[in-house]
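Coordinate inspection notes
Here is what each chain is made of, one letter per residue.
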Amino acid sequence: MHASFTADLHWNAGNAGHIRRTHLSGAQKWDRSGRGGSDVFPMSLLFCLALSLLSLLGPVWSTRAENMDYGGVPLWINRVLGEPSVMSLQGRSIDLSWFRANSPHPCPAQCVCPIQWPTALYCDYQELSNTPETLPDRTQYLFIQGNNISSLSPSLFSNATGVRWLILDHNLLKSLDQDLLQNQTELTYLFANHNHLKSIPGGLPTGLRQLRLAHNRISTIGASALSALHRLSVLLLQGNRLKTVSEGDFSGLLSLNLLDLSGNQFKSVPKHLPRAVQQLYLSNNTLSSLDQDIFSPYPDLKYLRLGHCSLHSPKIHPNAFNLSSLIELDLSYNQLTTTPPVPTSLQYLYLEANHIQDFNLTSFCREEGPMSYSRLRILRLEGNGIRAHQLPPDWVYCLRVLQRLYI
């Protein structure tokens, strides 16, 4: 057991920046286990043929928007639904005047309407101060990011009632008229990152799936702003001025998966968060402590980020992370002096750039025995005061499935 474990363990004494903190779920991984010699060659051949065919056809089902911020979370595009795979026409070797001359559909003068995506309007990075007065009724995907727009025309959507995406990033918006989007029942993505919004817009369509408002000036949420958004799965509010969360602020978010509250002004972990949340990001807040069972109201919480939060070991309760659902925990760039207790079900733990000198094995395994071991796969400890030779000699039995240790 000891030999097979060390053979699978990869050591790295320093730079571990290539590790990506996103991991495929079990349903997304290929099963590599062979089920008999006679089946191995045909199945592998079929797999290779399928990969070759996909490489020729290109990404038919989905692709990811590259080189765009969108609040720091990649935007996945479903091409089967006809979603445009080009998020901006800027910087591309295309003749925009040709599009305007040859498009069979009317197009606002400030925008470009590609033939291949007749339902998309690209008005991005044009140094516009105003939006078009109205949109063509065919409009489903509207890109107005990267301009100097401080308000949207009241009649902008008077003809277009089927808008699905509204991308308003990097403008000068201070607010959105509450009546402007109420009739947009098809709207699923609303992005207004990097604007000057002081509050969450009201009157948002109930079918909204993603709301990205990162890097604005939002200081309060308000009980009514999100109460009807039962289908919302992604809410990005990082880089704002939030200090507290009131009891009713998130009460309507029944399907929320990802909540990013990083880079705000919280002094403690906010209460009254959506019960369904699975990914919670609170990095870059100055948190004074982590109380007992502070995360227990969220039974499905899997990914928790608390990096750059000025956390000290004495201020972290031993049961703060007592969650069997937790898969990934980021506590990097804090003031920790010892390894905190974590659930044995945890798979990815990031403790780099702390002041850890004490590697406490009971932080990972509460008992001794053949069935008591940690499920950790990746443990990052580089940038601390501990070295590999200081680890207790029996750590390999507790961390027996560990794949990578950075120290």
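Residues numbered from 1 in each chain as written. Predicted model: local features only at pLDDT ≥ 70, side-chain atom pairs only at ≥ 80, totals over all residues. Heavy atoms only, no water.

**Some points on the pattern of salt bridges**
- Under the counting rule described, the total for this entry stands at three salt bridges.
- Across the salt bridge formed by Glu328 and Arg305, the nearest N and O atoms sit 3.9 Å from each other. Taken together, the residues Glu328 in strand E13 (residues 328–330) and Arg305 in strand E12 (residues 303–305) connect sequence positions 23 residues apart.
- What makes Glu328 buried here is its relative accessible area of 1%. (Salt bridge = Lys/Arg side-chain N within 4 Å of Asp/Glu carboxyl O. Helix = DSSP H or I, 4+ residues; strand = E, 2+ residues; numbered from the N terminus. Buried < 20%, exposed > 50% of the residue type's maximum accessible area, 1.4 Å probe, protein only.)

**A few points about a positive patch on the surface**
- A surface patch of like charges, here positive, comprises Lys174, Lys198, Arg217 and Arg241.
- With respect to the element layout, Arg241 can be found in the loop between strand E9 (234–236) and strand E10 (258–260).
- Judged by relative accessible area, Arg241 falls into the partly exposed class, the value being 42%. (Patch = residues over 30% accessible without salt bridge, like charges linked within 9 Å, V, L, I, M, F, W, Y side chains within 5 Å. Areas by Shrake-Rupley, 256 points an atom, 1.4 Å probe, with all protein chains shown as cover. Lys, Arg positive; Asp, Glu negative; His and termini not counted. Charge placed at Lys NZ, Arg CZ, Asp CG, Glu CD.)

**Description of the state of the cysteines**
- The full count for this structure, using the stated rule, is three disulfides.
- Here Cys111 engages in a disulfide with Cys123; their sulfurs sit 1.9 Å apart. Taking the sign of the S-S torsion, 95° for the link of Cys111 and Cys123, the bridge is right-handed. Of this pair, Cys111 sits in the loop between helix H3 (96–102) and strand E4 (120–122) while Cys123 sits in the loop between E4 and strand E5 (141–143); the two residues are twelve residues apart in sequence, bridging distant segments of the chain.
- Classification of Cys123 by relative accessible area gives buried; the value is 0%.
- Here Cys365 engages in a disulfide with Cys398; their sulfurs sit 2.0 Å apart. (Disulfide = S-S within 2.5 Å.)

**Quick look at the nonpolar core**
- If you look at the biggest cluster of nonpolar residues, it comprises 89 residues, and the most contacted ones within it are Phe295, Leu306, Phe321 and Leu379.
- It is helix H4 (residues 395–398) that provides the largest number of residues to this core, a total of three residues.
- Discounting chain neighbours no more than four positions away, the residues touching Leu306 are Leu282, Ser283, Leu287, Leu290, Phe295, Leu311, Phe321, Asp330, Leu331, Ser332 and Asn334.
- Judged by nonpolar contacts, the second largest core, of 13 residues, contains Met87, Trp117, Tyr122 and Phe143. (Core = buried A, V, L, I, M, F, W, Y, C linked by side-chain atoms within 4.5 Å. Contact = heavy atoms within 4.5 Å.)

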